[in-house]
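Analysis of the macromolecular model
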Amino acid sequence: MRGMRPTIAAALAGIACAAVAVATAQLAAAAVDPGSAPVAAIGAAVVDAVPEPVKEFAIRTFGEYDKLALLAGIGTVIAALAAATGVAARRRPWTGYAVLALLGGAGAAAALARPAASPSWALPSLVGAACGAGVLAMLLRERSDGSAAPGRAVDRRGVLIALGGAGLAGAAGWRLTGTSDLEDARAAVDLPAPVDVGPAGAGLDVDGLTPYLTPNADFYRVDTALVLPRLLPEDYRLRITGRVANPMELSYRDLLDRGLVEREITISCVSNEVGGNLAGNARWLGVPLAGLLAEAGPEPGADQVVSRSADGWTAGTPTAVCTDGRDALVAVGMNGRPLPLEHGFPVRMIVPGLYGYVSATKWLVEIELSSFADFDAYWVRRDWDAQAPVKTFSRIDTPKPLATVPAGPVTVAGVAWAQRRGIARVEVRADGGPWNEAELAPVIGEDTWRQWKWTWDAAPGRRTLEVRATDGDGAVQTSERAAPFPNGATGWHSIVLNAE
Ligand SMILES: Nc1nc2c(c(=O)[nH]1)N[C@H]1C(S)=C(S)[C@@H](COP(=O)(O)O)O[C@H]1N2
Ligand SMILES: [Mo]
């Protein structure tokens, strides 16, 4: 580093201080809670604060990697700020301490503002800022060589050592705040056999068609959690609170011992665009929610079931929907396995017929009876509709958009859903011509999606295919295009492709 220009050395010194601060904070967070780490806490604050269009853009652009993109973005901003601060601090060291104090304060404030926070959540950011300041003092020294060069000397060897140390501390911190103990706890769960098993659906066998049951590893994931909530089955408690005659508290064991039912249910996200894949179908194992509510005894007027996650996220579901006979579940299993960590381990809610944001709370810890007049859940506060039944949807899975297919018979296939109403018919048309009835997979009920297929006699050229479904009530899916906000997208899925 000898020949390096002083400015670059100072910028690197700034980055080294920031790296030490972030890494030691991460290490400290392992002793407090992974969610208290400053990057996680600031990220969570950003997630809660960003306006709807930005969030939709992020989900569209980064998809399942939106969380990674956010963390990378925060890292880039911190690195840039640290480099600039390093350069400034060579002349005015106080700027370095000021920025560290500011970032430490911001991290601590963001951590304390998390719904699940305790006062100790401020510590990691403060520890990090203090360590960063200590390293800054060591890296920027008064000139002892009597030279008249402006600014302080940067201890270049020290920068390398600090970067190395930050790497080690950071690696240890990431490991300790990781999820291996949760994975172990999940692997140790022995789910009882269901006392009541619902019918099993069947699929069509077409290449490129979404399978009838979605494997857990392929199931879409949507949530606001940058850090997975840590709930160990042995400590788990589900509280039923609010406007009920008999408040209840159940352990994980209590839930497993209540007699579990297994049901195939398709869930879907309100953010799903026309043609999108934010939906999945699984066999859910769980306790019927209606039975739990009957025991708790909702008071008259308690028309909203507010479900709350360990990290403070909330969904509001109509009490009437939870008790109208549909298979609303407090779920513990997914496709024969305990819930995966990303899908709510150890306990989540599943309610057929409603979008996930008003029903499918993961990492569930509380069910509070309230009213729609008295409480707005997480996304309702951000102007999404409080009532959000799933809209009829159909999608072409194969061929893919812009594919080139051989002219002649081509199998066109996809899925359609309209939970609670069911899918009665799917129709496909080419180039705006007459609608053709697709063949449907066998049906077990109204709450799962249905695969469909149709054999198209493709004439050569650039062609357009469109699909529409009719639900069990006889309503044809609307062609009118609407964006997901505020209650779900509508419109027919169409693809353009080439036949030759
Ligand atoms: N705790 C928590 N639960 C949540 C969410 C969330 O952000 N936090 N998102 C909901 C949304 S918007 C959807 S669509 C479903 C998605 O469930 P999945 O990730 O298992 O597919 O979870 C719901 N449950
Ligand atoms: Mo969602």
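Each value, and the rule that gives it
- Residues numbered from 1 in each chain as written.
- Chains lettered and ligands numbered in written order.
- Predicted model: local features only at pLDDT ≥ 70, side-chain atom pairs only at ≥ 80, totals over all residues.
- Heavy atoms only, no water.
- Domains from an automatic or database assignment.
- Pairing = 2+ DSSP bridges.
- Helix = DSSP H or I, 4+ residues; strand = E, 2+ residues; numbered from the N terminus.
- Axes fitted to C-alpha atoms, helices over the stretch in contact; angles between N-to-C directions.
- Contact = heavy atoms within 4.5 Å.
- Buried < 20%, exposed > 50% of the residue type's maximum accessible area, 1.4 Å probe, protein only.
- Near = heavy atom within 4 Å.
- Polar contact = N/O pair within 3.5 Å; in protein donor to acceptor, adjacent residues only side chain to side chain.
- Nonpolar A, V, L, I, M, F, W, Y, C, P; charged D, E, K, R; others polar.
- Patch = residues over 30% accessible without salt bridge, like charges linked within 9 Å, V, L, I, M, F, W, Y side chains within 5 Å.
- Areas by Shrake-Rupley, 256 points an atom, 1.4 Å probe, with all protein chains shown as cover.
- Salt bridge = Lys/Arg side-chain N within 4 Å of Asp/Glu carboxyl O.
- Core = buried A, V, L, I, M, F, W, Y, C linked by side-chain atoms within 4.5 Å.

Once the domains are mapped, the chain shows domain 1 (6-178), domain 2 (196-382) and domain 3 (393-499). Placing a centre on the C-alpha atoms of domain 1 and another on those of domain 3 gives a separation of 49 Å.

This part covers the sheet that holds strand β14 (residues 393-398). Overall, antiparallel pairing links the four strands, which are arranged β14-β16-β20-β19 in an open sheet. The open sheet terminates on both sides in strands that have one partner only, identified here as β14 and β19 (439-440). Pairing analysis gives nine bridges linking strand β16 (residues 408-417) to strand β20 (residues 450-458), with the strands arranged antiparallel. In the strand pairing of β20, Val-410 is matched with Trp-456.

Below, the discussion takes up the packing of helix α4 (residues 66-91) against helix α5 (residues 93-112). Close contact between α4 and α5 brings their axes to 5 Å; oriented N to C, the two are set at 145°. Between α4 and α5, the residues in contact are Leu-81, Thr-85, Ala-88, Ala-89 and Arg-91 and Pro-93, Thr-95, Gly-96, Val-99 and Leu-103, respectively.

Our focus in this paragraph is the pairing of strand β7 (residues 279-288). For β7, a buried count of nine out of ten residues is recorded, marking the element as mostly surrounded by other parts of the structure. Across five bridges, β7 lies against strand β10 (residues 329-334) in antiparallel orientation. Looking across to β10, one finds that Leu-285 is bridged to Gly-333.

We now examine the site of ligand 1. Looking at ligand 1, there are 18 residues lining it, with Tyr-220, Thr-224, His-343, Arg-348 and Lys-362 nearest. Separating an oxygen atom of ligand 1 from a backbone N or O atom of Tyr-220 is a distance of 2.6 Å. Here an oxygen atom of ligand 1 and a backbone polar atom of Thr-224 are 2.9 Å apart. Grouping the constituent residues of the shell around ligand 1 by class yields nine nonpolar, five polar and four charged.

On to a nonpolar patch on the surface. On the surface, Phe-57, Phe-62, Tyr-65 and Leu-68 cluster together into a nonpolar patch covering about 460 Å² of accessible area. Here Leu-68 lies in helix α4. A relative accessible area of 57% means that Leu-68 is categorised as exposed.

Quick look at the nonpolar core now. Residues Trp-284, Val-330, Tyr-357 and Ile-367 are the most contacted members of the largest nonpolar core, which totals 83 residues. The contacts of Tyr-357, once residues within four sequence positions are left out, are Val-270, Trp-313, Thr-314, Ala-315, Trp-379, Trp-384, Asp-385, Ala-388 and Pro-486. Membership of the second largest hydrophobic core comes to 22 residues, among which are Ala-418, Val-426, Trp-454 and Ala-469.

Moving on, we get to the pattern of salt bridges. Under the criterion given, the structure shown has 25 salt bridges. One salt bridge connects Asp-397 with Arg-395, and the closest N-O pair in it is separated by 2.7 Å. Both residues of the pair, Asp-397 and Arg-395, count as buried. Beyond isolated ion pairs, a larger network of salt bridges with shared partners links Lys-67, Arg-221, Asp-223 and Lys-362.

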